[in-house]
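This is what each chain is made of:
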Amino acid sequence: MEETDVVLLWGSNARETHPIFFHHLLRGIRHGARLYVVDPRRTSSAAWADLWLGADVGSDIALANAMGREIIDAGLQHRAFIEHATTGFEAYAASVAPWTLERAERETGVPAAAIRAVAHAYATADRAMICWTLGITEHHNAVDNVLALIDLALLTGHVGRYGSGLNPLRGQNNVQGGGDMGALPDRLPGFQHVEEDDLRAPFEAAWGVTIPPRQGWHLSAMFEAMERGELTSLYVIGENPADSEADRHKAIRALEGLETLVVQDVALTATARLADVVLPAAAAWAESDGTVTNSERRVQRVRRALEPPGEARDDLAIVFDLARRLGADWGDPSAERVWDEVRSLSPVHAGMSYARLEAEGGLQWPCYDESHPGELFLHSRLWEDPLPGHRVPFVPVDHDPPVDRLDDDFPIRLTTGRRLDSYNTGVQTSGYRSPLRRRESIDLSPEDAARSGVRDGERVRVVSRRGSVEAPVRVDEGLRPGLAFMTFHAQEDVATNVLTIDATDPRSGTAEFKATAIRVERLPGRSAGSFPDRPSGSG
């Protein structure tokens, strides 16, 4: 990141939501990298950009396809890489052919000249990266959005080389590690597919059980199964779906309808307050031993510095005790012993002993044996000749607008996100004061505030097709007309997810948090005032 030439920051306000990563990006800018930000809002990240592309919410595929067409029309595609390492280029080229710059301008709101400039900058750079977060993935067509970005990287050869690549930024510490360890409905540790017999067999031999050869439910599918009465018991570890799920009223009804709800967490969350059993857990970053994996796939050791307070216990000890009560004695809960089991079953982790992790300050997977240094970046095989393994396919995708359509009754597009001072539903941050924190608001453009007859600080009703909440107005000049912004940090004060739609991507299960149709109503007898600062750490 610090030594690349061009960065496309797409659907991410990394300055506030990934501040440590953004420091590395700023170093790259100081070394001469050009930053292009694609975001409906003119965010604090966009302040550092060479060019901001204010694409309409849900128009990312239209923009990516227009860039792809422009790169091909200008002859800037990496022909040698395409021929050597990819398949399906002709079908991709045909699929993007209708996406002229003029059509993309009408669909995205981004000027044709700006689309052309970014396409040429990305294609002609020696090194270039595309980085994205929830602005790409919290849509009903999330997977297609990501595929559109992958197609651009394949088209230009910006993958598998130092300083070039595709980088989904992880929202919290060890999100990557959770996936690596098999916290996915179709994968075993090391991203080994549960439906493939030869990959499943070593786990069955080691564990002495038969593993069902089919993928399970992702989170959204679990809630659908609750509604059908097919899923009746739920064990929640370190998650707060009562506040974080879209269409909050519907989610809470599903949780309340369970026969058994067990919650294991560091705090008494909104979900825990609904539970039949609460298991107080240790804070993993300071009260547990083990490993974490960051966004660059670096596995690092975590060491216990403090004993958990009160009745809180290490997650591993809790799970081992539950197993024992269910008839499986796994012995003493040792983080290193569990990690050695991971190494014995996941080839990409095999070379990462505790001794090496401690001596080298962490290692990046894949790391196949104890002499392997770990891989600095992925997919370098695509440049080897002859090519080992399979070619990578282009996957044509087409524009599909948000499900929650705008109309005369709901004329404003609400998009949600985070702010610098808070994490997600506030569980980890709301108990602490911050000089940056203020009360939750509905952020409106100056034009929409004037059109609605409301002023900065005035409390209003925000209405969607699913419900309504009250919140003060904050006029934000970084918002274009027709676009509003809220966070979900303070669900007890302003339950933003009452408004959001649970339209989900069928493959990823991600809800369309980024695209809700709303209107703003004045409250009778309310007058405008100055916007209040938050006096305490709540919310």
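Structure first, text after, so check above.
Below: a short report on this structure. (Residues numbered from 1 in each chain as written. Predicted model: local features only at pLDDT ≥ 70, side-chain atom pairs only at ≥ 80, totals over all residues. Heavy atoms only, no water.)

**A few points about the overall build of the protein**
The cut-off we apply is this: The numbering of helices and of strands both runs from the N terminus, where a helix is a DSSP run of H or I of at least 4 residues and a strand a run of E of at least 2. For the radius of gyration, the atom set is restricted to C-alpha positions; the globular benchmark scales as 2.2 Å times the number of residues to the power 0.38. Buried means the residue's accessible area, taken with a 1.4 Å probe over protein chains only, is under 20% of the maximum for its type, while exposed means over 50%, and partly exposed covers the values in between. Only heavy atoms enter the contact rule, under which two residues are in contact if any of them lie within 4.5 Å. Surface accessibility follows the Shrake-Rupley procedure with a 1.4 Å probe radius. Residue values consider only the protein chains on display as shielding.
When helices and strands are counted, the protein shows 19 helices and 21 strands. The globule rule puts the C-alpha radius of gyration for 539 residues at 24 Å, and the 24 Å found for the protein is close to it. Each principal axis of the C-alpha distribution contributes one length, and for the protein these read about 65 × 60 × 45 Å. A burial count over the protein gives 51% of its 539 residues as buried. In the protein, once contacts between residues fewer than 6 apart in sequence are set aside, the share between residues at least 24 apart is 67%. For the protein, the exposed area adds up to about 24600 Å²; of that, 51% sits on carbon and sulfur atoms.

**So, the side chain of Thr 17**
Operational definition: Two N or O atoms form a polar contact when they lie within 3.5 Å of each other; inside protein one atom must be a possible hydrogen donor and the other a possible acceptor, and for residues adjacent in sequence the pair counts only when both atoms belong to side chains.
Within the secondary structure, Thr 17 is located in helix H1 (residues 14-17). A polar contact is formed between the side chain of Thr 17 and the backbone oxygen of Asn 13, at a distance of 3.0 Å.

**With respect to the packing of helix H3 (residues 60-73) against helix H6 (residues 101-108)**
Here is the rule we go by: Geometry is summarised by axes, namely lines fitted to C-alpha atoms with helices restricted to the contacting stretch, and by angles between N-to-C directions that run from 0 to 180 degrees. By definition in this entry, angles of less than 35 degrees are roughly parallel, angles greater than 145 are roughly antiparallel, angles of 65 to 115 are roughly perpendicular, and the rest are oblique. Helix crossings are classified by the rotation of the near helix relative to the far one: an anticlockwise turn of less than a right angle makes the crossing left-handed, while a clockwise turn makes it right-handed. Here the nonpolar group is Ala, Val, Leu, Ile, Met, Phe, Trp, Tyr, Cys and Pro; Asp, Glu, Lys and Arg are the charged ones; every other residue, Gly included, is treated as polar.
The N-to-C vectors of H3 and H6 enclose an angle of 165°; their axes lie 9 Å apart at closest approach. In terms of their interaxial angle, H3 and H6 are classed as roughly antiparallel. The chirality of how H3 crosses H6 is left-handed. Along the contact surface, H3 presents Ala 62, Leu 63, Ala 66 and Glu 70, while H6 presents Leu 101, Ala 104, Glu 107 and Thr 108. Class assignment for the residues of the contact of H3 with H6 results in 5 nonpolar, 1 polar and 2 charged.

**Observations regarding the pairing of strand E5 (residues 128-132)**
In regular strands, side chains alternate between the two faces of the sheet. Heads up, the rule is: What makes two strands pair is DSSP finding at least two bridges between them.
Counting buried residues in E5 gives 5 out of 5 residues, a clear majority hidden from the surface. Covered by surrounding structure in E5 are Ala 128, Ile 130 and Trp 132 together with Met 129 and Cys 131, the residues of both alternating faces. Bridge count between E5 and strand E6 (residues 165-168): 4 bridges; the pairing is parallel. Paired with Trp 132 across the two strands is Pro 168, which belongs to E6.

**Focus: the environment of Asp 198**
Looking at the secondary structure, you find Asp 198 in helix H11 (residues 197-207). For the pair Asp 198 and Thr 496, spaced 298 residues apart in sequence, the C-alpha to C-alpha distance is 45 Å.

**Describing the sheet that holds strand E9 (residues 233-237)**
With parallel pairing, 3 strands are arranged side by side in an open sheet as E9-E10-E11. The sheet is open, and its two edges are formed by E9 and strand E11 (277-280), each paired on a single side. Averaged over all neighbouring strand pairs, the angle between strand axes comes to 10°, with direction disregarded. As paired strands, strand E10 (residues 260-265) and E11 are joined by 4 bridges and run parallel to one another. Paired with Val 263 across the two strands is Val 278, which belongs to E11.

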